[in-house]
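Coordinate analysis (summary)
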Amino acid sequence: MPLVTIDVIKDVFTPTQKEDLISNVTDAMIAVEGEAMRSVTWVRINEIEEGDWAIGGQMLNAAAVHAMASSSADT
């Protein structure tokens, strides 16, 4: 039984985006494992509180992640 855990900063993804993550990650696992494993493939999303996540020593919050995402969408 595969278990995939996705850690994200709280309030970055909408419920619909989280559903899409779960569906797409499940489909990716099934592409490797085979359809018979769908019913036992677990995907969970852990939401980490703002201020409890840092990259390169810099604290991140949802607003910073949204800014990064919109910046990369512009390029």
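Everything quoted here is computed from the prediction, not taken from an experiment.

**Describing the overall build of the protein**
- The helix and strand tally for the protein stands at 2 helices and 4 strands.
- Compactness check: the protein gives a C-alpha radius of gyration of 15 Å against a globular reference of 11 Å for 75 residues, more than 25% above the reference.
- Its C-alpha atoms give the protein principal-axis dimensions of roughly 40 × 30 × 25 Å.
- Within the protein, the proportion of its 75 residues that are buried is 16%.
- In the protein, 64% of the contacts between residues at least 6 apart in sequence involve partners at least 24 apart.
- When the accessible area of the protein is evaluated, it comes to approximately 5200 Å², of which 56% is carbon and sulfur surface.
- Distance from the positive charge centre (4 side chains) to the negative charge centre (12 side chains) of the protein: 6 Å.

**Thoughts on unusual backbone geometry**
- The phi torsion at Asp11 lies on the positive side, around 75°, for a residue other than glycine.
- Mapped onto the elements of the fold, Asp11 is located in the loop between β1 (3-9) and α1 (15-33).
- A relative accessible area of 52% means that Asp11 is categorised as exposed.

**A short note on the side chain of Thr26**
- Along the polypeptide, Thr26 turns up in helix α1.
- Take Thr26: its relative accessible area is 11%, and that puts it in the buried class.
- With residues near it in sequence (within four places) discarded, Thr26 still touches Arg38, Thr41 and Val43.

How each quantity is defined
- Residues numbered from 1 in each chain as written.
- Predicted model: local features only at pLDDT ≥ 70, side-chain atom pairs only at ≥ 80, totals over all residues.
- Heavy atoms only, no water.
- Helix = DSSP H or I, 4+ residues; strand = E, 2+ residues; numbered from the N terminus.
- Rg over C-alpha atoms; globule rule 2.2 N^0.38 Å.
- Buried < 20%, exposed > 50% of the residue type's maximum accessible area, 1.4 Å probe, protein only.
- Contact = heavy atoms within 4.5 Å.
- Areas by Shrake-Rupley, 256 points an atom, 1.4 Å probe, with all protein chains shown as cover.
- Lys, Arg positive; Asp, Glu negative; His and termini not counted.
- Charge placed at Lys NZ, Arg CZ, Asp CG, Glu CD.

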